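# Summary of the model geometry
This is what each chain is made of:
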Amino acid sequence: MNAFSLSGRKALVTGANAGIGQAIAVAMARAGAEVVCAGRRSCGETVAMIGDAGGVAGEVIVDFADPMAGASLFEGANIDILVNNAGIIRRADCIDFTEEDWDAVMDVNAKAVFFTSQAFAKGVFARGGQGKIVNIASLLSFQGGIRVPSYTTSKHGVAGLTRILANEWTARGINVNAIAPGYIATSNTQALRDDPDRSAAILDRIPAGRWGRPDDIAETAVYLAAPASDYVSGAILNVDGGWLAR
Ligand code: NAP
């Protein structure tokens, strides 16, 4: 048996049209999974990348601005692996931060993660199956950050959710883990990379000496979805070029 193979598994990746989610979807397909690419807009590019590589993928449109939108994603779909990747960030000084920016981020990054996971677990339990949940946390699951209060709160929440769901569901056949990516070059961090001072300060602190790439996260997600990690649950794995070790 190849402990890193996802052959015979079916994965659903949220926010699979771009960035880290796209890289995870492609890597999981390369590892043998059939992949459902979920996005608030078409994931056609990701589906085509997987098809070109000889994999199998489909897409579903879902907008987590309604945090209950994931409730019907799993009916009859036999999904074994859920990657809660979709996320947003809003930046403003804490003193000026608005309720709208608070609620928007908390809905997508925290409430939707919980209720999508709940819907997934109901499907797995109903068919007596096994499952894996991979949440995308953040360095701001551990650190305070600057000018991103709802993002920091939501990602601390993702860490807590990962642990409580692992406590309740591991014995029932679902492992729940998270990846805490470091600073990865995607649209999520465009504003930081556009700011020469912030960009230089961040790069200076990363022991690996470079920003991360979506692919750096993707293979870790494959590991957390594969049999190789069957005894791993409730973990939050930093994939940050060494940032948190400084
Ligand atoms: P990204 O390129 O902006 O990707 C975010 C994904 O989430 C996109 O596919 C986006 O769709 C989707 N999304 C946003 N709101 C949604 C909604 N309401 N419904 C459905 N999908 C929605 O940034 P990324 O860096 O790859 O982010 C992926 C995850 O990694 C996020 O959870 C983020 O917080 C986390 N993360 C990123 C970093 C980093 O340094 N980049 C570090 C730590 C954690 P659209 O394309 O339509 O916006």
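Source: prediction; values computed, not measured. (Residues numbered from 1 in each chain as written. Predicted model: local features only at pLDDT ≥ 70, side-chain atom pairs only at ≥ 80, totals over all residues. Heavy atoms only, no water.)

## Concerning the site of the ligand
- For the ligand, the set of nearby residues contains 28 residues, the closest of which are Asn 17, Arg 40, Arg 41, Tyr 151 and Thr 186.
- Interatomic distance of 2.9 Å between a backbone N/O atom of Phe 64 and a nitrogen atom of the ligand.
- Asn 85 is positioned such that a nitrogen or oxygen atom in its backbone is 2.7 Å from an oxygen atom of the ligand.
- Alone, the ligand offers 870 Å² of accessible surface; in the complex the protein occludes 94% of this.
- Secondary-structure elements contributing two or more residues to the shell around the ligand are helix 1 (19-30) and helix 4 (149-169).
- Here the shell around the ligand is composed, by residue class, of 13 nonpolar, 11 polar and four charged. (Near = heavy atom within 4 Å. Polar contact = N/O pair within 3.5 Å; in protein donor to acceptor, adjacent residues only side chain to side chain. Areas by Shrake-Rupley, 256 points an atom, 1.4 Å probe, with all protein chains shown as cover. Helix = DSSP H or I, 4+ residues; strand = E, 2+ residues; numbered from the N terminus. Nonpolar A, V, L, I, M, F, W, Y, C, P; charged D, E, K, R; others polar.)

## Quick notes on unusual backbone geometry
- Although it is not a glycine, Asn 78 adopts a positive phi angle of roughly 50°.
- As for its placement among the helices and strands, Asn 78 is situated in the loop between strand 3 (57-61) and strand 4 (81-84).
- At Arg 147, a position not held by glycine, the phi torsion is positive, near 65°.
- Checked against the element boundaries, Arg 147 lands in the loop between strand 5 (131-136) and helix 4.

## With respect to the nonpolar core
- Counting residues in hydrophobic clusters, the biggest one holds 32 residues, and the most contacted among them are Leu 6, Val 13, Ile 24, Met 28, Val 35 and Ile 179.
- Of all the secondary-structure elements, those providing two or more residues to this core are strand 1 (10-14), helix 1, strand 2 (34-39), strand 4, strand 5 and helix 7 (214-225).
- Residue contributions to this core peak at eight residues, all from helix 1.
- Sequence-distant contacts of Leu 6, defined by excluding residues within four places in its chain, comprise Met 28, Ala 31, Gly 32, Ala 33, Ile 81, Val 222, Ala 225 and Ala 226. (Core = buried A, V, L, I, M, F, W, Y, C linked by side-chain atoms within 4.5 Å. Buried < 20%, exposed > 50% of the residue type's maximum accessible area, 1.4 Å probe, protein only. Contact = heavy atoms within 4.5 Å.)

## Observations regarding the pairing of strand 2
- Of all six residues that make up strand 2, five are buried, and the element is covered over most of its length.
- Pairing of strand 1 with strand 2, which is carried by five bridges, proceeds in the parallel orientation. Bridge pairing links Ala 11 to Val 35 in strand 2.
- In this region the chain leaves strand 1, passes through helix 1 and returns to the parallel neighbour strand 2; the handedness of that crossover is right-handed.
- Both strand 2 and strand 3 contribute to a ladder of five bridges, which runs parallel. Opposite Ala 38, over in strand 3, you have Val 60 as the bridge partner.
- For the handedness criterion, the β-α-β arrangement of strand 2, helix 2 (residues 44-52) and strand 3 is classed as right-handed. (Pairing = 2+ DSSP bridges. Right-handed = clockwise from strand over helix to strand, strands pointing away.)

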